[in-house]
Amino acid sequence: MAKEPVRVLVTGAAGQIGYALVPMIARGVMLGADQPVILHMLDIPPAAEALNGVKMELVDAAFPLLKGVVATTDVVEACTGVNIAVMVGGFPRKEGMERKDVMSKNVSIYKAQASALEKHAAANCKVLVVANPANTNALILKEFAPSIPEKNITCLTRLDHNRALGQISERVNVPVSEVKNVIIWGNHSSTQYPDVNHATVKTPSGEKPVRQLVNDDAWLNAEFITTVQQRGAAIIKARKLSSALSAASSACDHIRDWVLGTPEGTWVSMGVYSDGSYNVPAGLIYSFPVTCQNGEWKIVQGLQIDGLSRKKLDLTAEELSEEKALAYSCLS
Ligand code: NAD
Ligand code: LMR
């Protein structure tokens, strides 16, 4: 029997990530090739005409899984009945801007949209915040949507996770599909800690630690980390626009693994509400290694954290605590 359609909201759908993301969702990349979807697309009035153009293209592409499109500038209409909300709408960082500069513009958007989701989304709606500052926007959304379970509110660090996989794949010269279990700890910002201490590569003679195959701790402890931390800025410098196709693809990876589960023996990175695991302060949206099963994520427990890693976990937590305080000061 055909499945019931899932309603997926994309905010900021007329923007560049939105334009890359909605066809992926309509093709089944996010929820599977047998899962019909109804797309809800929200943008602001100045983008209404462009949003309507995206809707026209979705109709023209004749996606078999796409059972309906709601394109609107009305946040209530956009949020009504949605099962999944991908929050891309906001003010993007431009070349030369620090992420903190965009904070005040975005926290008020996320406060307002939290209320609309809380009142009008389907019960158990899963939320992924992409717009920067992603962790703190997600935290604001959580704080102003108290009836949405905190485990349902997440932010995107899967792009950073995928970037780390990509760097290791290039360095070791193996397909990226053979690399797994990197970790992004903390903030989706330049203080994030891309950690390869538990990562492995599948080789013809079995799984080998990344550290053994790379055999260059100096590179792994310095250049690799800064390359991943600075990749967003490098893309902005090259394109004069922030990353879009990789962000859209990673957002699909995030939701797909959350809903359909992570493969056995594999974890992914997600920004989730901290419960104090690994001595990360509770009450922050912090990126952890997680496994997913039956639509629920769980933080991977018991990993050894060495001294260098501890410092880096704490540094990015400190930045998130500062962002949280700044966000609250913008709201008052
Ligand atoms: P963009 O400017 O092309 O698109 C943003 C869209 O949001 C625009 O169409 C704009 O009109 C719309 N918008 C603004 N305010 C809105 C509101 N209140 N409600 C609904 N829509 C609204 O930007 P983009 O390149 O698509 O990036 C979107 C966001 O994603 C930015 O904040 C960017 O920094 C962030 N980003 C995050 C990651 C990540 O990994 N977490 C990666 C890349 C980009
Ligand atoms: C990215 O990681 O590509 C973006 O978050 C960059 C940015 O800061 O907008």
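How each quantity is defined
Residues numbered from 1 in each chain as written. Chains lettered and ligands numbered in written order. Predicted model: local features only at pLDDT ≥ 70, side-chain atom pairs only at ≥ 80, totals over all residues. Heavy atoms only, no water. Phe/Tyr/Trp six-rings, centres within 6.5 Å; stacked < 30°, edge-to-face > 60°. Buried < 20%, exposed > 50% of the residue type's maximum accessible area, 1.4 Å probe, protein only. Pairing = 2+ DSSP bridges. Helix = DSSP H or I, 4+ residues; strand = E, 2+ residues; numbered from the N terminus. Near = heavy atom within 4 Å. Polar contact = N/O pair within 3.5 Å; in protein donor to acceptor, adjacent residues only side chain to side chain. Areas by Shrake-Rupley, 256 points an atom, 1.4 Å probe, with all protein chains shown as cover. Expected span 1.5 Å × (residues − 1). Salt bridge = Lys/Arg side-chain N within 4 Å of Asp/Glu carboxyl O. UniProt positions renumbered as here; feature names shortened; annotations may be inferred. Domains from an automatic or database assignment. Contact = heavy atoms within 4.5 Å. Buried area = accessible area lost by both parts, 1.4 Å probe.

Quick notes on the packing of aromatic side chains
Item 1. Evaluation of the coordinates by the stated rule reveals four aromatic pairs.
Item 2. Measuring from centroid to centroid gives 5.6 Å for W219 and F224, while their planes differ by 50°, and the two rings are tilted. Like W219, the residue F224 is buried in the burial classification.
Item 3. Look at Y286 and F288: their rings are 5.0 Å apart centre to centre, the planes differ by 50°, and that puts the pair in the tilted class.
Item 4. Judged by relative accessible area, which is 0%, F288 ranks as buried.
Item 5. An aromatic cluster is present here, built from W185, Y278, Y286 and F288 joined pairwise through their rings.

What to know about the pairing of strand β10 (residues 200-203)
Item 1. Of the pairings in the sheet, the one linking strand β7 (residues 179-180) to β10 comprises two bridges and is antiparallel in character. Bridge pairing links V179 to V201 in β10.
Item 2. Taken together, the four bridges between β10 and strand β11 (residues 206-209) define a ladder with antiparallel strand orientation. By the bridge assignment for β11, T203 is matched with G206.
Item 3. Hairpin geometry of β10 and β11 is characterised by an intervening segment of two residues between the two adjacent antiparallel strands.

Topic: the site of ligand 1
Item 1. Within the structure, ligand 1 sits among 24 residues, and Q16, I17, D43, V130 and N132 are positioned closest to it.
Item 2. In the model, a nitrogen atom of ligand 1 is placed 2.9 Å from a nitrogen or oxygen of the Q113 side chain.
Item 3. H188 places a polar side-chain atom, nitrogen or oxygen, 3.3 Å from an oxygen atom of ligand 1.
Item 4. Taken by itself ligand 1 offers 860 Å² of open surface, and the protein chains cover 88% of this.
Item 5. Contributing elements (two or more residues each) for the shell around ligand 1: α1 (16-26) and α4 (103-120).

Some points on the sheet that holds β7
Consider a sheet: its strands pair through backbone hydrogen bonds, and that pairing is either parallel or antiparallel.
Item 1. Read from one edge of the open sheet, three strands run β7-β10-β11, paired in antiparallel fashion. Looking at strand neighbours, the two that pair on one side only are β7 and β11, the edges of this open sheet.

Focus: α4
Item 1. The terminal C-alpha atoms of α4 lie 26 Å apart, and with 18 residues this matches the ideal 26 Å at 1.5 Å per residue to within 8%.
Item 2. If you check which residues of α4 are buried, you get M103, N106, V107, Y110, Q113, A114, A116 and L117.

Section: the pattern of salt bridges
Item 1. Using the criterion set out here, one finds eleven salt bridges in the structure.
Item 2. Notably, a salt bridge pairs D257 with R158, separated by 2.8 Å at the nearest N-O pair. Pair noted here: D257 is in helix α11 (residues 245-260) and R158 is in helix α6 (residues 158-172), with a separation of 99 residues, a long-range link. Note on accessibility: D257 and R158 belong to one class, buried.
Item 3. Across the pair K180 and E207 runs a salt bridge, and its minimum N-O distance is 3.2 Å. One end of the pair, K180, is in strand β7; the other, E207, is in strand β11, and 27 residues separate them in sequence.
Item 4. On the basis of relative accessibility, which here comes to 47%, the residue E207 falls in the partly exposed class.
Item 5. Salt bridges here are not isolated pairs; linked through shared partners, they connect R158, D253, R256 and D257.

Observations concerning the UniProt feature "active site" (unreviewed entry) in the protein
Item 1. This chain's UniProt record puts "active site" (unreviewed entry) on H188.
Item 2. Secondary-structure assignment places H188 in the loop between β8 (183-185) and β9 (193-195).

Thoughts on the UniProt feature "domain: Lactate/malate dehydrogenase C-terminal" (unreviewed entry) in the protein
Item 1. The sites that carry the UniProt feature "domain: Lactate/malate dehydrogenase C-terminal" (unreviewed entry) are, in the present numbering, residues 157-325.
Item 2. Each end of residues 157-325 is marked by a C-alpha atom, and these two atoms are 21 Å apart; helix forms 45% of the span and strand 21%.

Structural notes on the domain arrangement of the protein
Item 1. Taken as a whole, the protein is organised into domain 1 (6-155) and domain 2 (157-328).
Item 2. Using C-alpha coordinates to define each centre, domain 1 is positioned 23 Å away from domain 2.
Item 3. With 35 residues of domain 1 at the contact, the number on the domain 2 side is 46 residues.
Item 4. Buried surface at the junction of domain 1 and domain 2, both sides included, amounts to about 3400 Å², of which 66% is carbon and sulfur.
Item 5. Among the residues of domain 1 in contact with domain 2, Q16, K126 and N135 are the three that bury the most area, contributing 17% of the side total.
Item 6. The tally of links from domain 1 across to domain 2 stands at one salt bridge.
Item 7. Salt-bridge contacts for K151 lead to E296; the nearest nitrogen and oxygen are separated by 3.8 Å.
Item 8. Across the domain 1-domain 2 interface, the total number found is twelve residue pairs in polar contact (both at pLDDT 80 or more).
Item 9. Elements that contribute at least two residues to the side of domain 1 that touches domain 2 include exactly α1, α4, β5 (126-129), α5 (134-143) and β6 (153-155).
Item 10. Top contributing element to the side of domain 1 that touches domain 2 by residue count: α5, with seven residues.

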